[in-house]
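What follows is each chain in one-letter form.
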Amino acid sequence: MDHYRGRFAPSPTGPLHFGSLVAAIGSYLEARSRGGAWLVRIDDLDPPRVVPGAAGDILRTLEACGMEWDGTVAYQGARHDAYHCAVHQLRRQGLVYPCACSRCEIADSALPGLGGYVYPGTCRSGVREGKAARALRVRTGGSAIAFDDALQGRIEHDLDRHSGDFVLYRADGVYAYQLAAAVDDAAQGITDVVRGADLLASTPRQIYLQGLLGLPTPRYAHLPVAVNAQGEKLSKQTHAPPIDRRDPLPALNAALAFLGHEPPPEAVGGGTGGLWKWAIENWILERVPREMSLPSPS
């Protein structure tokens, strides 16, 4: 934990848009301002959601924006062996069990929690006769997770009340984001995770897995999420436009202002090189707004 190592881990579901650029810039500047490393990892865990060519498009956009990463780009879709070993380790501890519940069955019998329904533990004592397993879940066992987020403050999360036993692996061969993020952050020596506040509810589950697997826990900072006029997070589903690689300066300028660091005219006039020099020298995480979401500039 002595040398800062941050990361940006986009999902290749479409081109880089303003919301993703905000997360990229926040993680990039926090790493560079501390003289640390900045890694890029592609979250291509769920093949049906992956858009062919999107990963390359995202990388080319980062390059056009003048954002240089350290080392080689990691792809989570090529890391199944590591996730399999982690699940096997948890199974040896008696912490994993098969679940046959469909989403509809869970919705019918569960209460809403943070980021979805709270699993009621239907299969905790065994799969009912005549049912086939759809997933592997990890037992949460009444665990409470608390951590200090650099922007959002003290976070306290009761896993049983907020999520319940959560999925590690689906029957269609897809490993859960929570597991992959915990395993890969440790494998890459990540000391600090700076990302959007839309992932704040995921962090306690990742910290829980880190503890079970004997992995270090990074420091966390969750940036405000950019939302449209309807209050929806910018995404492919909400038709967020891609960053213009031919002229990325307007988007970079707007993203820095969104993060509380509006560049002066002389920095903007220096091109991407001048803008990054100013931004790295003047970046202070405490100046970033502490809201969970903010309107995207029109």
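Data block above holds the structure.
Quick summary incoming for the structure in this document. Everything numeric in this text was worked out from a predicted model, so none of it was measured.

**Section: the sheet that holds strand S7 (residues 135–138)**
Okay, step 1: Spatial strand order, S4-S7-S10: 3 strands in an open sheet with antiparallel pairing. Two strands lie at the open edges of the sheet, namely strand S4 (96–99) and strand S10 (166–170), each paired on one side alone. This sheet shows a mean twist of 35° between the axes of neighbouring strands, independent of strand direction.
Okay, step 2: Across the sheet, helix H3 (residues 80–92) lies against S4, S7 and S10, angled at about 105° from S4, the strand it touches most.

**Here's the deal with helix H10 (residues 271–282)**
Okay, step 1: Here H10 spans 17 Å end to end across 12 residues, near enough to the 16 Å set by a 1.5 Å rise per residue.
Okay, step 2: Where H10 is buried, its residues touch helix H1 (18–33), helix H8 (249–258) and helix H9 (265–268).

**Structural notes on the nonpolar core**
Okay, step 1: Among the nonpolar cores identified, the biggest contains 46 residues, and Leu 21, Ile 25, Leu 62 and Met 67 are the most heavily contacted of them.
Okay, step 2: For this core, the secondary-structure elements that each account for two or more residues are H1, strand S2 (37–42), helix H2 (54–64), strand S12 (219–223), H8 and H10.
Okay, step 3: For this core, the leading source of residues is H1, giving 9 residues.
Okay, step 4: Those residues in contact with Leu 62 that lie beyond four places of it in its chain are Phe 8, Leu 16, Ala 24, Trp 38, Val 40, Met 67 and Trp 69.
Okay, step 5: Listed in part, the 31 residues of the second largest apolar core include Leu 39, Ala 86, Val 193 and Leu 213.

**Focus on the environment of Cys 101**
Okay, step 1: Considering the arrangement of structural elements, one finds Cys 101 in the loop between S4 and helix H4 (103–109).
Okay, step 2: Overall, the relative accessible area of 10% leaves Cys 101 in the buried class.
Okay, step 3: The sequence separation of Cys 101 and Ala 133 amounts to 32 residues, and the corresponding C-alpha distance is 7.7 Å.

**Some remarks on the packing of H3 against helix H6 (residues 177–187)**
Okay, step 1: Relative to each other, H3 and H6 sit at 105°, their axes nearing to 10 Å. Here H6 runs roughly perpendicular to H3, going by the angle between their axes. Every residue of H6 that contacts H3 at Ala 82, Tyr 83, Ala 86 and Val 87 is listed here: Leu 179, Ala 180, Val 183 and Asp 184.

**Concerning the pairing of strand S8 (residues 144–149)**
Okay, step 1: Residues of S8 alternate between two faces, with Ile 145, Phe 147 and Asp 149 buried on one and Ala 144, Ala 146 and Asp 148 left unburied on the opposite face.
Okay, step 2: Note: S8 against strand S9 (residues 153–158), 6 bridges, orientation antiparallel. Paired with Ile 145 across the bridge in S9 is His 157.
Okay, step 3: Linking S8 to S9, which pair antiparallel, is a turn of 3 residues.

**A short note on the pattern of salt bridges**
Okay, step 1: Applying the stated rule across the entire model yields 16 salt bridges.
Okay, step 2: Here Arg 154 makes a salt bridge to Asp 148, at a shortest N to O gap of 3.1 Å.
Okay, step 3: Each of Arg 7, Arg 41 and Asp 185 takes part in salt bridges that share partners, so that together they form one network.

Definitions and limits used
- Numbering of residues starts from 1 in every chain and runs along the sequence as written.
- Owing to the predicted nature of the model, reporting of local features is limited to residues with pLDDT of at least 70; listing and counting of side-chain atom pairs is limited to 80 or more, with chain, interface and lining totals taken over all residues.
- Side-chain descriptors were evaluated using all non-hydrogen atoms of the structure, hydrogens and water having been removed beforehand.
- Here the rule is simple: two strands pair whenever DSSP picks up at least two bridges between them.
- Counting from the N terminus, the helices are the DSSP runs of H or I reaching at least four residues and the strands are the DSSP runs of E reaching at least two.
- Every axis in this analysis is a line fitted to C-alpha atoms, fitted for helices over the stretch in contact. Angles between the N-to-C directions lie between 0 and 180 degrees.
- Contacts: residue pairs with any heavy atoms within 4.5 Å of one another.
- An expected span of 1.5 Å times one less than the residue number is assigned to each helix.
- Here the nonpolar core consists of buried residues drawn from Ala, Val, Leu, Ile, Met, Phe, Trp, Tyr and Cys, with membership extended through side-chain atoms lying within 4.5 Å.
- Categorising residues by exposure relies on relative accessible area from a 1.4 Å probe, with only protein chains included: less than 20% of the type maximum marks a residue as buried, more than 50% marks it as exposed, and the intermediate range marks it as partly exposed.
- When describing relative orientation, an angle under 35 degrees is termed roughly parallel and one over 145 degrees roughly antiparallel, while 65 to 115 degrees is termed roughly perpendicular and anything else oblique.
- The working definition used for a salt bridge is a side-chain nitrogen of Lys or Arg within 4 Å of a carboxyl oxygen of Asp or Glu.

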